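Understanding the architecture of this molecule
This is what each chain is made of:
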Amino acid sequence: MRVAVVSDIHSNVEALDAVLAAADEAGCERLIVLGDIVGYGPDPDAVIERLRERDAVAIAGNHDLAAVGVFDVQWFNEVATIAIAWTSEVLSAEGTAYLSTLQPTRTTADGVLVHGSVRDPVAEYLLSADDAGASFDLGDFVVAFFGHTHLPTVFRRRPDGFVNGWVMTEGEAIALVPGERYMLNPGSVGQPRDRDPRASFLVWDGERAIGHRVPYEVERTASKIRDAGLPEWLALRLFAGQ
Ligand code: ZN
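My aim in this report is to walk through the structure given alongside it, one point at a time. In this text, all values refer to a predicted model and were calculated from it rather than measured experimentally. (Residues numbered from 1 in each chain as written. Predicted model: local features only at pLDDT ≥ 70, side-chain atom pairs only at ≥ 80, totals over all residues. Heavy atoms only, no water.)

**Some remarks on the overall build of the chain**
- A tally of helices and strands in the chain yields eight helices and 12 strands.
- For 242 residues, the compact-globule formula gives about 18 Å, and the C-alpha radius of gyration of the chain, at 17 Å, lands near that figure.
- Each of the three principal axes of the chain carries a C-alpha extent, and together these read 55 × 35 × 30 Å.
- Of the contacts made within the chain by residues no fewer than 6 positions apart, 70% connect residues no fewer than 24 positions apart.
- Of the roughly 10100 Å² of accessible surface on the chain, a fraction of 50% belongs to carbon and sulfur atoms.
- Distance between charge centroids for the chain: 4 Å, based on 20 positive and 36 negative side chains. (Helix = DSSP H or I, 4+ residues; strand = E, 2+ residues; numbered from the N terminus. Rg over C-alpha atoms; globule rule 2.2 N^0.38 Å. Contact = heavy atoms within 4.5 Å. Areas by Shrake-Rupley, 256 points an atom, 1.4 Å probe, with all protein chains shown as cover. Lys, Arg positive; Asp, Glu negative; His and termini not counted. Charge placed at Lys NZ, Arg CZ, Asp CG, Glu CD.)

Structural data, given as structure tokens:
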């Protein structure tokens, strides 16, 4: 069965709709969401509705926990803090209830799900092979999926313990090699940061993961951000993919 693995949607419903359409086209029957469903963007409730409709297997990211008051915004930059305050204010009771049910980590038949890392599921930015190695050492998982950095990334641990990592390109297929272990980041749906503004996600079939990129109407999301009175930078960065 094919699964769409997504992360860091950040209240961007235009990007999410484009990804869901592409996932349907690719034959995905299920949806895994690695957190940061809300924050930064203008449509928290619409995004949550889509996830509920699809019965997504989801975990919480730092922004989701902050929006429902269980993660301290002292760790957030100013723009993120403003967006979290706005999100908490506009979020419906159903939306708040949905986010409140999410755990920071889950073990599924597809793999371990975390937002940051296995070592620190909520807050660690996994950017180096050394840091990934610490997470590999903490579990015996074959595959873990993570998000948080907004970069489509692969970390691979060979049987001899050597860990390397790289940024995934569009269309790249990562096929599991027996004995090796993997940590896979699908990149961000709603706020990519690899200088490619297109929404990013993975199609996973239990044996291999393929990186996908999908264009969406950035202009529409950006004008909603402005209309909501959210910081201008949150609109501008979407065009640049940073
Ligand atoms: Zn994020």
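**A look at the pairing of strand S1 (residues 2-6)**
- For S1, the buried fraction is high: four of the five residues fall into the buried class.
- Direction of pairing for S1 relative to strand S2 (residues 28-33): parallel, over a ladder of five bridges. Along S2, the bridge assignment pairs Val6 with Val33.
- Of the crossover connections in this fold, the one passing from S1 over helix H1 (residues 13-25) to the parallel S2 is right-handed. (Buried < 20%, exposed > 50% of the residue type's maximum accessible area, 1.4 Å probe, protein only. Pairing = 2+ DSSP bridges. Right-handed = clockwise from strand over helix to strand, strands pointing away.)

**A few points about the packing of helix H2 (residues 44-53) against helix H5 (residues 93-101)**
- Packing of H2 against H5 leaves a shortest axis separation of 10 Å and a crossing angle of 60°. One way to sum up the angle between H2 and H5 is to call them oblique. Of the two possible hands of crossing, H2 and H5 adopt the one that is left-handed. Mapping the contact onto sequence places Asp45, Ile48, Leu51 and Arg52 in H2 and Glu94, Gly95, Tyr98 and Leu99 in H5.
- Looking at the contact of H2 with H5, its residues break down into four nonpolar, one polar and three charged. (Axes fitted to C-alpha atoms, helices over the stretch in contact; angles between N-to-C directions. Parallel < 35°, antiparallel > 145°, perpendicular 65-115°, else oblique. Left-handed = near helix turned anticlockwise from the far one by under 90°. Nonpolar A, V, L, I, M, F, W, Y, C, P; charged D, E, K, R; others polar.)

**Some words on unusual backbone geometry**
- Positive phi, normally seen in glycine, also occurs at Ser11, with a value near 55°.
- Here Ser11 shows up in the loop between S1 and H1.
- The phi dihedral of Asp36 is positive, around 55°, even though this residue is not glycine.
- If you trace the backbone, Asp36 turns up in the loop between S2 and H2.

**Description of the nonpolar core**
- Residues Val33, Ile37, Leu51 and Leu99 are the most contacted members of the largest nonpolar core, which totals 50 residues.
- Leaving out residues up to four positions away in the same chain, Leu99 has contacts with Ile37, Val38, Ile48, Asp64, Ala67, Val68 and Leu91.
- The next biggest cluster of nonpolar side chains, apart from the first, holds 17 residues, and it includes Leu113, Val154, Ile174 and Tyr182. (Core = buried A, V, L, I, M, F, W, Y, C linked by side-chain atoms within 4.5 Å.)

**Remarks on the coordination of the zinc ion**
- Coordination of the zinc ion by the protein comes from Asp8 (OD), His10 (NE2), Asp36 (OD) and His150 (NE2), over a distance range of 2.1 to 2.4 Å.
- Taken together, the four donor atoms surrounding the zinc ion define angles of 85 to 175° at the centre, an arrangement classified as irregular.
- Motif for the zinc ion, donor spacing along one chain: D-x1-H-x25-D-x113-H. On the criterion of sequence distance, the pair formed by Asp36 in the loop between S2 and H2 and His150 in the loop between strand S6 (143-145) and strand S7 (152-157) is long-range, its members being 114 residues apart. For the residue pair Asp36 and His150, the accessibility class agrees, reading buried in each case. (Donors = N, O, S within 2.8 Å, 3.2 Å for Na, K, Ca; no water. Tetrahedral: all angles 85-135°; square planar, octahedral: opposite > 155°, others 65-115°.)

**Quick word on the sheet that holds strand S12 (residues 208-214)**
- Taken together, the six strands give an open sheet; going across it, the order is S3-S2-S1-S11-S12-S9, and neighbouring strands pair in mixed fashion. Each edge of the open sheet is held by one strand with a lone partner, namely strand S3 (57-58) and strand S9 (173-175).
- Bridge count for S9 against S12 is three bridges, and the pairing is antiparallel. When the bridges of S12 are listed, Ala175 appears paired with Arg208.

Fair warning: the whole summary comes from geometry, so function is off the table for now.
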